[in-house]
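# Notes for the structure review
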Amino acid sequence: MHIKTFLIALFTIVALGLSAQSHTEGETFPLTKKGAHYVFTASINGTAEATILIESGIPALLVDSAYVFSSGILSDMELAVASKAEKLNLAGRVYKITHKANGTVRIGNNSSYIGEVFVMSNYDYGPYEVAVPVMYLHNDLDDGSRIVSLDLGNQSLQMLSRASLNASKADYLKSNMNTDTYMGMFAIETSMTLDDGIKPRMLSGNFLIDFGNPELLFLIHQTEGVQTFLADNADMELREATTPSGEVMGQFILTKQCQLCGITFPDAVVVITKKLPLFSTPGDIGLKFFERTQAIFDFDQSVVYMKGK
């Protein structure tokens, strides 16, 4: 083969390989913090732009009914009228479900949500029209894989390819996830160790992933695991969290450091709350954990890879 022909052929093969690799990587969605939540803006089914809340504890894609019918974003889906009794409780607010569907909703250019869709009346819970559970986001350019890189500190959510995950996961701590929880929320089987200046104290169990929790960690007061933990550590100082009017909202522990999922957080605050539902899990991992951590969720394999910053 002539050397020039060989070089052209080699260049073409390399270029095609690089093109294929880049095309499977998936989209990056810049995030914005709104209060205690993170949102991004993207088109829905190529029809209209929406502000979308990222969530981990909801069973379906949630969308406001007025927005649905004014924008036409679900015009290709078969919307079934829900019964009058169907409602959804979100953080104490109850919403009526007007319509339901099941299928694929394209988000952005190359990502999709696949699962149930709840259309809800007066869904004005926050500054967004849509809420999406991240565990059902798919990378359309990578055979529909569900690999989500979340970097809240840099306000970024990216759909990764499996090849990219395999190339980088050695740099991360690995933990298994499961859905043996309240409403099938994803959780991490791990341990929490806090040092309050007296001694290290450990609590092991299934810890929920909750993007609606603004703190590093909530301990669920009424669960058996937390009750045992408190009884075994009666010398630990619990401080009261109160409203300006004096109402006690919960308790908290000031720590010199807290280690969670193998990552250390200095001068952390661990909250003990009675306000959450009776989860079967002792702990609830929140936004301050993920703001100080880079996490890659492989929802296909029920594994999360994490490293602190």
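The structure this text deals with has already been given above.
Computed from a prediction, not measured in an experiment: that's the story for all the values here. (Residues numbered from 1 in each chain as written. Predicted model: local features only at pLDDT ≥ 70, side-chain atom pairs only at ≥ 80, totals over all residues. Heavy atoms only, no water.)

For the structure shown, the criterion picks out 11 aromatic pairs. On the numbers, 6.3 Å between centres and 80° between planes, the contact of Y113 with Y136 is edge-to-face. Of this pair, Y113 sits in strand β9 (residues 111–120) while Y136 sits in the loop between β10 (130–133) and β11 (137–139), and the two are 23 residues apart along the sequence. Here Y113 falls in the buried class, since its relative accessible area comes to 0%. Look at Y136 and you get partly exposed, because its relative accessible area is 29%. Put simply, the rings of F186, F211, F265, F289, F290, F297 and F299 touch in pairs and so form one group of aromatic residues. The residue whose ring lies beneath K307 is Y172, and the NZ or CZ to ring-centre distance is 4.6 Å. (Phe/Tyr/Trp six-rings, centres within 6.5 Å; stacked < 30°, edge-to-face > 60°. Helix = DSSP H or I, 4+ residues; strand = E, 2+ residues; numbered from the N terminus. Buried < 20%, exposed > 50% of the residue type's maximum accessible area, 1.4 Å probe, protein only. Lys NZ or Arg CZ within 6 Å of the ring centre and 35° of its normal.)

One pass over the full model with this rule turns up 10 salt bridges. Of the charged contacts, one joins K33 and E291 as a salt bridge, the two residues approaching to 2.8 Å between their closest N and O atoms. Placement of the pair is K33 in strand β2 (residues 32–34) and E291 in helix α5 (residues 287–291), with a sequence separation of 258 residues. On the basis of relative accessible area, K33 is assigned to the partly exposed category, the value being 39%. D300 serves as the salt-bridge partner of R162, at 3.6 Å between the closest nitrogen and oxygen. Separated by 138 residues along the polypeptide, R162 in helix α3 (residues 162–168) and D300 in the loop between β24 (293–298) and β25 (303–308) bring together distant segments of the chain. Judged by its relative accessible area of 25%, R162 falls in the partly exposed class. For D300, a relative accessible area of 35% puts it in the partly exposed group. (Salt bridge = Lys/Arg side-chain N within 4 Å of Asp/Glu carboxyl O.)

Okay, helix α4 (residues 224–232) next. V226, F229 and L230 are the residues of α4 that are buried. An end-on view of α4 places all buried positions within 95° of arc, on one side of the element. In α4, the exposed residues that point more than 90 degrees away from the buried face are E224, A231 and D232. Buried positions along α4 lie against β15 (187–195), β16 (200–209), β17 (217–220) and β22 (269–273). (Arc of directions from axis to C-beta. Contact = heavy atoms within 4.5 Å.)

For residues other than glycine, phi is negative in most cases, and the peptide bonds are mostly trans. One non-glycine residue, N122, lies in positive phi territory at about 55°. Inspection of the secondary structure assignment puts N122 in the loop between β9 and β10.

On the secondary structure map, S65 appears in helix α2 (residues 65–71). Along the primary structure S65 and S121 are separated by 56 residues, whereas in three dimensions their C-alpha atoms are 5.4 Å apart. Those residues in contact with S65 that sit more than four places away from it in its chain are T98, V119, M120, S121 and N122.

Okay, empty space enclosed by the protein next. This structure, assessed with the given rule, holds 1 cavity of 30 Å³ or more. Roughly 30 Å³ of internal volume is contained in the largest cavity. As for the largest cavity, its lining consists of S56, V134, M135, F186, I209, F211, F297 and F299. For the lining of the largest cavity, the per-class residue count stands at 7 nonpolar, 1 polar and no charged. (1 Å grid on protein atoms, 1.4 Å probe; cavity = no way out; pocket = protein on both sides within 12 Å on 5 of 7 lines; lining within 4 Å. Points joined across faces, edges and corners; volume = space filled by probe spheres on them. Nonpolar A, V, L, I, M, F, W, Y, C, P; charged D, E, K, R; others polar.)

Positionally, T223 belongs in the loop between β17 and α4. Under the relative-accessibility criterion, T223 is labelled buried at 6%. For T223 and V105, which are 118 residues apart along the polypeptide, the C-alpha to C-alpha distance reads 37 Å.

Among the nonpolar cores identified, the biggest contains 82 residues, and L62, V63, I107, M192, L219, F289 and F297 are the most heavily contacted of them. What M192 contacts, discounting residues up to four positions off in sequence, is R201, M202, L203, F207, L217, L219, F229, C258, Q259 and L260. I147, L160, Y172 and V303 belong to the second-largest nonpolar core, a separate cluster that totals 7 residues. (Core = buried A, V, L, I, M, F, W, Y, C linked by side-chain atoms within 4.5 Å.)

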